[in-house]
Amino acid sequence: MNEKFLSYLWKSRCLHTDLHTESGEELAIHHPGEQNTDSGPDFFNSRLRIGNTQWAGNIEIHVCSSDWYRHGHHNDPAFNNAILHVVFENDKQVYRNDGTELPTLVVKNHFPAQILDRYQKIMSAMHPIPCMTQLHEIPQSCLRLWAPALTLERWMLRSENINRFWEKSGNDWEEIIYQHIASCFGFKINQSAFELLARSAPLKLIRAVCVSQKNTEALLFGQAGFFTGTFEEEYPLELFHIYQLLKNKYTLQPLQPGLWKFLRLHPLNFPTIRISQFADLITKINANFFRILEPRTLAGFVDLFQISASGYWNSHYLFDRPSSASPKKLGPAGKESLIINGVLPMLFFYGTMKDRCDLRELTFELLEQMPPERIAVIQIWKNAGIIAQNALESQALLQLKSHYCDKKRCLECRFGKEILVGSSKSLKNP
Ligand code: SF4
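Residues numbered from 1 in each chain as written. Predicted model: local features only at pLDDT ≥ 70, side-chain atom pairs only at ≥ 80, totals over all residues. Heavy atoms only, no water.

Turning next to the overall build of the protein chain. Along the backbone of the protein chain there are 17 helices and nine strands. Relative to its length of 430 residues, the protein chain is extended, with a C-alpha radius of gyration of 29 Å against a globular reference of 22 Å. Across its three principal directions, the C-alpha atoms of the protein chain cover 90 × 45 × 40 Å. Taking all 430 residues of the protein chain together, 51% fall into the buried category. When the accessible surface of the protein chain is summed, it comes to about 20,500 Å², and 52% of that surface belongs to carbon and sulfur atoms. Distance between charge centroids for the protein chain: 5 Å, based on 46 positive and 44 negative side chains. (Helix = DSSP H or I, 4+ residues; strand = E, 2+ residues; numbered from the N terminus. Rg over C-alpha atoms; globule rule 2.2 N^0.38 Å. Buried < 20%, exposed > 50% of the residue type's maximum accessible area, 1.4 Å probe, protein only. Areas by Shrake-Rupley, 256 points an atom, 1.4 Å probe, with all protein chains shown as cover. Lys, Arg positive; Asp, Glu negative; His and termini not counted. Charge placed at Lys NZ, Arg CZ, Asp CG, Glu CD.)

Encoded structure:
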């Protein structure tokens, strides 16, 4: 038993209705009050009737009544207004600061046992989604209704992250768009390496040297640390020589090549292919990264990412290692990922900073027009019966998994409420 669970019972009105205080007086709860997440009593402005007296005030909740003294509430004036002590076990009579007895309600055996049983099962489950075996009870409408709020939560957190980089960049919008989009070209596995690459080749440098896709590739591959060995083929040799000139001219320091991960990646996702595709994007938009935010339709954003690795990569995945020929265009999943994780969060952040609600709303409208992400976490939800219909809902499920399920915040979760309380409604008032 814990206080969080007891607070949940109180807040969700899960207690039986035939309640009495420990002194035997009838207790009716008119309103549980507002939960306080700061210091002080657990609920403010609760309204009750004890015996024939109507009360309005604060509620304190503990597992054992003796916790009142253990927590030092008897010496704290913030608790003088308490009107009821809600406990699981009454092991000590409690008195307020002024010496009056604080009415006590013992909730043990006064709520549906099924709620505790289900809660304990979820808390001890080892599944990636702890309530997995109960998810079939959740109506799809629950996700439909909650998705916008969950996705908003996720994107507000993303905005905070972008904001930190934006402030570091001296509020340079184009630099931050460039860096953010570059990090998304790492597609999670190589995200940090791409971040470091963009920092080691800032937009000013890109603009100064990138007159062609070849020059851009030379700079990016060189700074990525790919030119530490020797080459036999003409193309990498040419890039190597271009980079040597740039390195001397701008006193560049390349990254460690060991930063890049190839293991267990499909060759089409190798960082070599992604760097060349990124160079194509830079060339296509002429290193003007505001153009990334310009389209206002999904088709416009998709068109922006009609990009491809340069010709050399048609027959290679690595330098000096010829492979069977296939063009290395950015595929549909790559485009969707860059739009969902790169462009739209940046547009959302831009809309927030410029006080443009229309742009923020547009990002959510576009998410609704996109298919759900094809990633492992979304597949886990799907297998458990929760099916995202679009990218807004897949973003919501990602937020739910990482910020609720992984932290076992089931008592704050709408699915959790359905599972714990929804199923026990018939038992609520026996
Ligand atoms: S947070 Fe919600 S969805 Fe996740 S395990 Fe708990 S009840 Fe289930």
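Okay, the site of the ligand next. Taken together, Pro 130, Cys 131, Trp 381, Tyr 404, Cys 405, Cys 410, Cys 413, Phe 415 and Gly 416 are the residues near the ligand. When each cavity is represented as a set of grid points, the ligand is found to reside in the largest cavity. Mapped onto the shell around the ligand, the elements with two or more residues apiece are helix H15 (391-405) and helix H16 (414-420). Residues belonging to the shell around the ligand are distributed by class as follows: eight nonpolar, one polar and no charged. (Near = heavy atom within 4 Å. 1 Å grid on protein atoms, 1.4 Å probe; cavity = no way out; pocket = protein on both sides within 12 Å on 5 of 7 lines; lining within 4 Å. Sits in = over half its atoms within 2 Å of the grid points. Nonpolar A, V, L, I, M, F, W, Y, C, P; charged D, E, K, R; others polar.)

The calculated volume of the second largest pocket comes to roughly 220 Å³. Considering the residues around the second largest pocket, the lining is formed by 13 residues, among which Lys 4, Tyr 8, Gln 35, Leu 411 and Glu 412 are closest to the centre. Within the residue set of the lining of the second largest pocket, elements represented by two or more residues are helix H1 (3-11) and helix H3 (113-124). Counting residues per element, the lining of the second largest pocket draws most heavily on H1, which supplies four residues. Class assignment for the residues of the lining of the second largest pocket results in five nonpolar, two polar and six charged. (Points joined across faces, edges and corners; volume = space filled by probe spheres on them.)

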